[in-house]
Amino acid sequence: MGPSVPTMAFGRSKNRRRQDTAQRNEAVKSVVRSQGPGVVKVVALTLVTGLLVWGGVELRRWALVSPRFELAAVSFTGLQRASRVELLRLAALTKGQNLWALDVGGLERAMLQHPWVKKVDVTRRFPNRVSVEVSEHVPEALAVMGELYVLDEEGEPFKRVTPGDGLDLPLVTGVDREGYVTDPAVARQRFQAALEVARAYAKESPGKPERLSEVRMEGREVTLVAASGQEVRLGEGNSEVKLQRLGRVRRELGARGLAAEIIHLDNRARPGWVAVKLSSPVSERNGSARQ
């Protein structure tokens, strides 16, 4: 007999491969069964999102051309010195413009170019209106800086004085234009200090004939000039206390029938002391004193 030939278990190997294939197929089917609904949901969500985006684009396209959203009216609140005509012209805002196409920020910036406007809020009122709320500068004094400027309540010189302003306000002197340009913050602080003194003067002298004409800032010292020309030299600090003293001095002078040209309340060594330079009688000022 010839040499024996080793035999191989072919049948067992084929069975094992079939078993492995069957297991892999079953695993794939299991994955599909477990993930199938999720995949469907993702596809459905993608379709819905696409439809919504498309619908939004079409809706906006319609809104931008629909007569329903054409501007029909603009209402203003807070106007005192600025006029609606001026603000509408600055913003180029006219009837018939589409509300969806309006640039609200651009409208506000345009209206802020008006010198009297301090703050402005523009609101679209759908379908066809716009409301504008305006806050204006409140004029409190006039600053002399080469030219006359209007100071608001925060000490900001916000515009030049023009003939049509019709302002009768105290002058603030002692802050020049060069100083303001060099350091606006420091200049503004000095303006604020002047306004605080002017307010205190009005509070301590309500209805008095000595109306305030000028607040003179000389370094840190303050001098007030009344409409009559009388100077009140307050010096530095304690303005309210000094103004109370001023009221008493004026009453005493009035009781004696006297008038002061200069009242000194600026004695640093003796803050409670008051020095008064009396006005000359009218006859002496005219050079015709009685004999």
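Nothing here was measured: the structure is a model prediction, and the numbers come from that model. (Residues numbered from 1 in each chain as written. Predicted model: local features only at pLDDT ≥ 70, side-chain atom pairs only at ≥ 80, totals over all residues. Heavy atoms only, no water.)

A. Just the packing of aromatic side chains, in detail. Across all of its chains, the model carries five aromatic pairs by this definition. A ring pair is formed by F69 and W100, whose centres lie 5.9 Å apart and whose planes are at 80 degrees; its orientation type is edge-to-face. Residue F69 is found in the loop between helix 1 (10-63) and strand 1 (73-77), and its partner W100 is found in the loop between helix 2 (84-91) and helix 3 (104-111); the two are separated by 31 residues along the sequence. With a relative accessible area of 35%, W100 lands in the partly exposed category. Judged by centre distance (5.1 Å) and plane angle (65 degrees), the ring pair of W116 and F158 falls under edge-to-face. Placement of the pair is W116 in the loop between helix 3 and strand 2 (117-125) and F158 in strand 6 (residues 157-160), with a sequence separation of 42 residues. On the basis of relative accessibility, which here comes to 15%, the residue F158 falls in the buried class. Taken together, the ring pairs connect W62, F69, W100 and F126 into an aromatic cluster. Looking at R270, its charged tip hangs above the ring of W273, at a distance of 4.6 Å from the centre. (Phe/Tyr/Trp six-rings, centres within 6.5 Å; stacked < 30°, edge-to-face > 60°. Helix = DSSP H or I, 4+ residues; strand = E, 2+ residues; numbered from the N terminus. Buried < 20%, exposed > 50% of the residue type's maximum accessible area, 1.4 Å probe, protein only. Lys NZ or Arg CZ within 6 Å of the ring centre and 35° of its normal.)

B. Quick look at unusual backbone geometry. Geometrically, the link from F126 to P127 is a cis peptide bond, its omega value of 15 degrees lying close to zero. Locating P127 in the fold gives a position in the loop between strand 2 and strand 3 (129-136). Phi is positive for A92, close to 55 degrees, though the residue is something other than glycine. The phi dihedral of N238 is positive, around 55 degrees, even though this residue is not glycine. As for its placement among the helices and strands, N238 is situated in the loop between strand 10 (231-235) and helix 6 (239-255).

C. Geometry of the confidence of the model for the protein chain. In this model, the protein chain carries an average pLDDT of 85, and 76% of its residues clear a pLDDT of 70 or more. Below pLDDT 50 for its whole length, residues 5-12 participates in zero contacts with residues either more than four positions away or in separate chains. (pLDDT = per-residue confidence, 0-100. Contact = heavy atoms within 4.5 Å.)

D. Quick look at the nonpolar core. F191, V215, L224 and L234 are the most contacted members of the largest nonpolar core, which totals 31 residues. Where this core is concerned, the elements lending two or more residues are strand 4 (139-145), strand 5 (147-152), helix 5 (184-204), strand 8 (212-218), strand 9 (221-226), strand 10, helix 6 and strand 11 (260-264). Ranked by residue count, the leading element in this core is helix 5, at eight residues. Setting aside residues no more than four positions away along its own chain, F191 makes contact with A143, M145, L151, G155, P157, V172, V175 and Y180. Listed in part, the 19 residues of the second largest apolar core include A91, V130, V132 and V134. (Core = buried A, V, L, I, M, F, W, Y, C linked by side-chain atoms within 4.5 Å.)

E. Seen up close, a nonpolar patch on the surface. Nonpolar side chains collect at one region of the surface, where L64, V65, W100 and F126 lie side by side and expose about 370 Å² of accessible area between them. Residue position: V65 is located in the loop between helix 1 and strand 1. (Patch = residues over 30% accessible without salt bridge, like charges linked within 9 Å, V, L, I, M, F, W, Y side chains within 5 Å. Areas by Shrake-Rupley, 256 points an atom, 1.4 Å probe, with all protein chains shown as cover. Salt bridge = Lys/Arg side-chain N within 4 Å of Asp/Glu carboxyl O.)

F. A look at the sheet that holds strand 1. With respect to topology, three strands assemble into an open sheet ordered 1-3-2, the strand pairing being mixed. At either margin of the open sheet sits one strand with a lone partner, and together these are strand 1 and strand 2. Each strand of the sheet is rotated relative to its neighbour by a mean of 20 degrees, with strand direction disregarded. For strand 2 and strand 3, the ladder comprises eight bridges, and the chain directions are antiparallel. (Pairing = 2+ DSSP bridges. Axes fitted to C-alpha atoms, helices over the stretch in contact; angles between N-to-C directions.)

G. Structural context of the environment of V130. Structurally, V130 can be placed in strand 3. Residues V130 and F76 lie 54 residues apart in sequence; the distance between their C-alpha atoms is 8.9 Å. Other than its neighbours up to four places away in sequence, V130 contacts L71, A73, V74, S75, L93, L99, L102, V122, T123, R124 and R125.

H. View of the packing of helix 2 against helix 3. Running from N to C, helix 2 and helix 3 cross one another at 125 degrees; their axes reach a closest spacing of 8 Å. Regarding the angle of helix 2 to helix 3, the classification is oblique. Judged by the twist between their axes, the crossing of helix 2 over helix 3 is right-handed. Two secondary-structure elements touch here, helix 2 through L87, L90 and A91 and helix 3 through L107, A110 and M111. Considered class by class, the residues forming the contact of helix 2 with helix 3 number six nonpolar, no polar and no charged. (Parallel < 35°, antiparallel > 145°, perpendicular 65-115°, else oblique. Left-handed = near helix turned anticlockwise from the far one by under 90°. Nonpolar A, V, L, I, M, F, W, Y, C, P; charged D, E, K, R; others polar.)

I. Structural view of the pairing of strand 10. For strand 10, the buried fraction is high: four of the five residues fall into the buried class. The sheet contact formed by strand 9 and strand 10 spans four bridges and is antiparallel. Looking at the pairing, L224 lines up with V232 of strand 10. As consecutive antiparallel partners, strand 9 and strand 10 are separated by four residues, and within that stretch G229 has a phi angle of approximately 100 degrees, a positive value. Across three bridges, strand 10 lies against strand 11 in parallel orientation. Bridge pairing links R233 to H264 in strand 11. Handedness of the crossover joining strand 10 and strand 11 through helix 6: left-handed. (Right-handed = clockwise from strand over helix to strand, strands pointing away.)

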